[in-house]
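# Results of the structural survey
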Amino acid sequence: MVERRRLLRGVRVRTSVSATLVVAVVLAAAAVAFVVLQRHQLQASLTEVARQEASDAAARVTRDGSAIDLRGGGGDQSVIQVVDAHRSVVAASPSIDGEPALVDVVPAPGQVRVVTTGSLPIGEGEMFVVVAEGVSASGGELVVIAAQSLETVQESTAVVGRLLLIGYPLVLLAVALTSYWLTGRALAPVEAIRRRVATIDGTPSLSARVPVPRGDDEIARLATTMNSMLARLQASAESQQRFVGDASHELRSPLAMIRAAHEIHSLHPDASSWPSVSTEVLSELDRVDRLVSDLLLLARADEHGLAMHLREVDLDDLVRSEADRLRRPGQLEIFVSAPPVRVVCDPHHLARALRNLTDNGARHALHRVELRLSSTATSAQVSVLDDGPGVPSPDQERIFERFVRLDESRARDSGGTGLGLPIARQIARAHGGDVTARDGVVGAHFTLTIALKGPGVSGA
């Protein structure tokens, strides 16, 4: 019952019914117009015949006067009378001999009057078209009356009407069946797409693709768009799975080290000192704190975008502050080139992006890190250069994916989470810019670009 109701509400049935109704209305209007036009043309043709007969009889009356001979007329279908000024019949076709004047119309000589009547003494109530033409003869003014039966018009109209009544439902049935079949053929690819999509119920099946019909019509473009959407969903789902797996691994690693440090100290209190254990535990907790903070930032950015609090900031101050922070341990040479540049930005987010880039440079540098600030008419650029091993060309875009490390062991030992560069790029793009990586003369060269006037704000 439900399946039957769904079928009746389907596009195929609705389309067929709509097409049939439209054809029904158009055919009905066309049939009525055709019948009316045919009747009008037939009647006009018979009227012209009556006019011609009246004209011929009028010519004879003008020549012969009232002695005109009308014998051999057309029987009951066509009759002629000649009437004088006193309404007396002076000549008539044999079929109406002795009958009074057919009509009371009395046109003046040279004038013609046309009437339609069903009260003639012949034809058993049939309709006639009557043409009366006034003539002037030697015996005075006469009226020639020619009448043509409209029985053939009525019979022809009845025949056409019966044919239309028989053909009308047959044509509608043919239209309904044809439109139902054609709609089914047209919707077959859509049904195939629906069945394929119905089988996609989870991440493993996102690799499935819907069939794309041949051609470049709307359905083919729909299938292509759905396949593109499935590809994006698959990539997103796989990325999310990797993200969850990497995040859980990153969180388990410091927690396992904290547990191990406590268990070792509990089992062998004399073999390790509590201050060293405490230092190690605090270091791992700092790592967990950074990881959780990074994960929360990325989660909020993915869901709602970064919450921006824009104001004017001296970007050179932020760059010099980061340089001072890197100098404190005293392990690296820090070089700064930061002319005054003022930008509209979120200082908290931008400082975090700069810190991630400079920490990455310091983590991989051998002896020195260089910070360079420059600007154009529309943007500002901060470059971070180190003299480390650099980034291979195939990996210069991959390192901005989450949890990607080119040196797994060293990154974990030095506290990296694999989220610093993705976060820096997210912040830069929120400011209308980007972060890119390339090989420097020696080591790696990262460039952060942001719009001077803030995201979405045009320059003056």
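Check the entry above for the structure.
A short tour of the structure in this document, coming up. (Residues numbered from 1 in each chain as written. Predicted model: local features only at pLDDT ≥ 70, side-chain atom pairs only at ≥ 80, totals over all residues. Heavy atoms only, no water.)

### Some points on helix H9 (residues 420-430)
As a reminder, the rule being used: Summary of the burial criterion: residues with accessible area below 20% of their type's maximum are buried, those above 50% are exposed, and those between are partly exposed, where the area comes from a 1.4 Å probe applied to protein chains only. Every helix listed is a DSSP run of H or I at least four residues long, and every strand listed is a run of E at least two residues long, numbered separately from the N terminus.
Those residues of H9 that fall on the buried side of the exposure criterion are Leu421, Pro422, Ile423, Ala424, Arg425, Ile427 and Ala428. Remark: Gly432 follows H9 within two positions and exhibits a positive phi of approximately 80°.

### Here we look at the packing of aromatic side chains
How we decide: Aromatic pairing here means that ring centres of Phe, Tyr or Trp (its six-membered ring) are within 6.5 Å. Orientation follows from the plane angle: under 30 degrees is stacked, over 60 is edge-to-face, and everything else is tilted. Criterion for a charge above a ring: Lys NZ or Arg CZ within 6 Å of the ring centre, and within 35 degrees of the ring normal.
All chains considered together, the criterion is met by one aromatic pair. With centroids separated by 6.4 Å and ring planes inclined at 75°, the aromatic side chains of Phe400 and Phe446 adopt a geometry described as edge-to-face. Of the two residues, Phe400 sits in the loop between strand E10 (379-386) and helix H8 (408-413) while Phe446 sits in strand E12 (residues 444-451), which places them 46 residues apart along the sequence. On the basis of relative accessibility, which here comes to 7%, the residue Phe400 falls in the buried class. The ring of Tyr180 has Arg12 sitting right over it, with the charged end atom 4.0 Å from the ring centre. Taking NZ or CZ as reference, Arg425 lies 4.0 Å from the ring centre of Phe400, over its face.

### Some thoughts on the nonpolar core
Note the following rule: Nine residue types can take part in a nonpolar core, namely buried Ala, Val, Leu, Ile, Met, Phe, Trp, Tyr and Cys, and a core is a set of them joined through side-chain atoms within 4.5 Å. Between two residues, a contact is recorded if the distance between any of their heavy atoms is within 4.5 Å.
In terms of nonpolar packing, the biggest core is built from 46 residues, with Leu315, Val343, Leu357, Phe446 and Leu448 touching the most fellow members. Not counting the four nearest positions on each side in its chain, Leu448 is found in contact with Leu350, Ala353, Leu357, Ala380, Gln381, Val382, Ala428, Asp434 and Val435. Ranked by size, the runner-up nonpolar core spans 16 residues in total, among them Ile96, Ala101, Val105 and Leu120.

### Let's talk about the sheet that holds E12
To keep things clear, this is the line we draw: Pairs of strands are assigned from DSSP output, requiring at least two bridges between the strands. An axis is simply a line fitted to the C-alpha atoms; with a helix, the fit covers only the stretch in contact. Between two such axes, the angle follows the N-to-C directions and lies from 0 to 180 degrees.
Pairing in this open sheet of five strands is mixed, and the strands run E7-E9-E10-E12-E11 from one edge to the other. Among the strands making up the open sheet, the edge pair consists of strand E7 (333-337) and strand E11 (434-439). Adjacent strand axes in the sheet meet at a mean angle of 15° when their direction is disregarded. In this structure, E7 lies alongside strand E9 (residues 368-375), joined through five bridges in parallel fashion. For Val336, the partnering residue across the bridge sits in E9 and is Leu371. In the packing of helix H6 (residues 315-327) onto the sheet, contacts are made with E7, E9 and E10, and the angle to E7 comes to roughly 170°.

### Re the pattern of salt bridges
We apply this condition: Salt bridge, as used here, is a side-chain nitrogen of Lys or Arg placed within 4 Å of a carboxyl oxygen of Asp or Glu.
Inspection of every chain in the model, using the stated rule, returns 16 salt bridges. Across the pair Glu322 and Arg355 runs a salt bridge whose closest N-O atoms are separated by 3.6 Å. With Glu322 in helix H6 and Arg355 in helix H7 (residues 347-364), this residue pair connects regions lying 33 residues apart in the sequence. When its relative accessible area of 39% is taken as the criterion, Arg355 is described as partly exposed. Ionic pairing is found between Arg327 and Asp324, a salt bridge with its closest N-O pair at 3.1 Å. A residue pair is termed a helical-turn pair when its members lie 3 or 4 positions apart in one helix, as Arg327 and Asp324 do in helix H6 at three residues. Residue Arg327 is classed as partly exposed on the basis of its relative accessible area of 38%. By sharing partners, the salt bridges in this structure join Glu322, Arg325, Arg355 and Asp359 into a single network.

### A short note on the side chain of Asp316
We count it as follows: When charges are counted, Lys and Arg contribute as positive and Asp and Glu as negative, whereas His and the chain ends are disregarded.
Counting through the fold element by element, Asp316 comes out in helix H6. Although Asp316 is buried, it makes no salt bridge; Arg320 carries the closest opposite charge, 4.7 Å away. What Asp316 contacts, discounting residues up to four positions off in sequence, is Ala338, Pro339, Pro340, Val341 and Leu373.

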